[in-house]
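Listed below, chain by chain, are the residues.
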Amino acid sequence: MTLTTFALVRHGQTDWNAERRLQGSTDIPLNDVGRGQARDAVAILAPYGWDAIVSSPLSRAAETADLIAEGLGLKVSRRVPELTERSFGPAEGMQAGPELDALRVPGGFKGAESEGEAADRGLAALEDLADEFRGQRLLVVTHGTLLRVSLSRAVGQALTSVDNAALNLAHHHAIDGWKLEYFNGEPVMVATGS
């Protein structure tokens, strides 16, 4: 049985994370706390012996990947556009409140990518990477909502929000599908969807 092992890591903190603003596809950079989180993640990730690292092209994920790669003595293989965070459309930059509530529709926000669309895109990107890196260990740095909806779809279970720079360890097998071993740094072993 050939397994592809994934570390699925949400980028480090940004100022908008700290302010609890929706970021979506807006390109907000890491802050100093986020850079520290990325450097701290190296110790957790190092024992696994990664073969390759890819990331979203948004700067917060790209810089997190670069910092982790540097700490592991690796280079980032490439930026994968399909790993960009879910677009929240006109809700981006907003905090909880009446203005944000006015944009809510079932499954998301007016003028935004739906949760289902983001899950389809994210899971397809992960499955393409599983095919490309079959049997290897791949570290993927991307975004919280995209990870949450993609992993939820993959394992057939609703997952909670994804912590910044935490270990999410998943395994993919072409026949048996996905198994989630760690979520937000905690062991879980959830059986698969497809």
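Residues numbered from 1 in each chain as written. Predicted model: local features only at pLDDT ≥ 70, side-chain atom pairs only at ≥ 80, totals over all residues. Heavy atoms only, no water.

### Digging into the environment of proline 98
Part 1: For proline 98, the location among the structural elements is in helix H4 (residues 98-103).
Part 2: A sequence separation of 86 residues divides proline 98 from asparagine 184, and the C-alpha atoms of the two residues are 30 Å apart. (Helix = DSSP H or I, 4+ residues; strand = E, 2+ residues; numbered from the N terminus.)

### Brief notes about the side chain of glutamate 85
Part 1: Along the chain, glutamate 85 turns up in the loop between strand E3 (76-79) and H4.
Part 2: This buried residue, glutamate 85, is left without a salt bridge; arginine 60 holds the nearest opposite charge, at 5.2 Å.
Part 3: For glutamate 85, the side chain forms a polar contact with the main-chain nitrogen of leucine 146, separated by 2.9 Å.
Part 4: Setting aside anything within four residues of it in sequence, one finds glutamate 85 in contact with Gly24, Ser25, Leu58, Arg60, Glu113, Arg121, His143, Gly144, Thr145 and Leu146. (Buried < 20%, exposed > 50% of the residue type's maximum accessible area, 1.4 Å probe, protein only. Lys, Arg positive; Asp, Glu negative; His and termini not counted. Salt bridge = Lys/Arg side-chain N within 4 Å of Asp/Glu carboxyl O. Polar contact = N/O pair within 3.5 Å; in protein donor to acceptor, adjacent residues only side chain to side chain. Contact = heavy atoms within 4.5 Å.)

### Concerning the pattern of salt bridges
Part 1: Going through the model one piece at a time under the given rule, you end up with 11 salt bridges.
Part 2: By sharing partners, the salt bridges in this structure join Asp32, Arg35 and Glu63 into a single network.

### Looking at the nonpolar core
One broad trend across soluble globular proteins is that nonpolar side chains are buried collectively.
Part 1: Within the largest apolar cluster, 28 residues are counted, with the highest numbers of intra-cluster contacts made by Phe6, Leu83, Leu129 and Val140.
Part 2: Elements with a minimum of two residues in this core: strand E1 (4-10), strand E2 (52-55), helix H5 (115-132), strand E6 (137-142), helix H6 (144-155) and strand E8 (177-183).
Part 3: The element contributing the most residues to this core is H5, with 7 residues.
Part 4: Here phenylalanine 6 is in contact with Trp50, Leu126, Leu129, Ala130, Leu138, Val140, Asn168, Leu169, Ala170, His172 and Trp178, once residues within four sequence places are set aside.
Part 5: Among the nonpolar cores identified, the runner-up in size contains 20 residues, and Ala7, Ile53, Ile68 and Leu139 belong to it. (Core = buried A, V, L, I, M, F, W, Y, C linked by side-chain atoms within 4.5 Å.)

### Some words on H6
One turn of an α-helix holds 3.6 residues; hence residues three or four places apart share an orientation.
Part 1: Taking 1.5 Å per residue as the helical rise, H6 with its 12 residues ought to reach 16 Å, and the 16 Å between its terminal C-alpha atoms agrees with that figure.
Part 2: Counting buried positions along H6 yields 10 of 12 residues, so the element is predominantly enclosed.
Part 3: Listed in full, the buried residues belonging to H6 are Gly144, Thr145, Leu146, Leu147, Val149, Ser150, Leu151, Ser152, Ala154 and Val155.
Part 4: Where H6 ends, the next residue or the one after it, glycine 156, has phi of about 70°, a positive value. (Expected span 1.5 Å × (residues − 1).)

### Section: the packing of aromatic side chains
Part 1: The final tally for this structure, using the stated rule, is 3 aromatic pairs.
Part 2: Seen from their ring centres, phenylalanine 6 and tryptophan 178 are 5.2 Å apart, and the 45° between their planes marks the pair as tilted. Here the residue phenylalanine 6 occupies a position in strand E1, and tryptophan 178 occupies one in strand E8, the gap between them amounting to 172 residues. With respect to class, phenylalanine 6 is no different from tryptophan 178; both count as buried. (Phe/Tyr/Trp six-rings, centres within 6.5 Å; stacked < 30°, edge-to-face > 60°.)

### Some remarks on the packing of helix H2 (residues 32-45) against helix H3 (residues 59-72)
Each pair of packed helices gets described by two things: the angle between the helix axes and the distance between those axes.
Part 1: The N-to-C vectors of H2 and H3 enclose an angle of 40°; their axes lie 8 Å apart at closest approach. Here H3 runs oblique to H2, going by the angle between their axes. The crossing of H2 and H3 is right-handed. Here Arg35, Ala38, Arg39, Ala41, Val42 and Leu45 of H2 lie close against H3, whose contacting residues are Glu63, Thr64, Leu67, Ile68, Gly71 and Leu72.
Part 2: Here the residues of the contact of H2 with H3 sort into 7 nonpolar, 2 polar and 3 charged. (Axes fitted to C-alpha atoms, helices over the stretch in contact; angles between N-to-C directions. Parallel < 35°, antiparallel > 145°, perpendicular 65-115°, else oblique. Left-handed = near helix turned anticlockwise from the far one by under 90°. Nonpolar A, V, L, I, M, F, W, Y, C, P; charged D, E, K, R; others polar.)

All we've got here are geometric facts, nothing functional implied.
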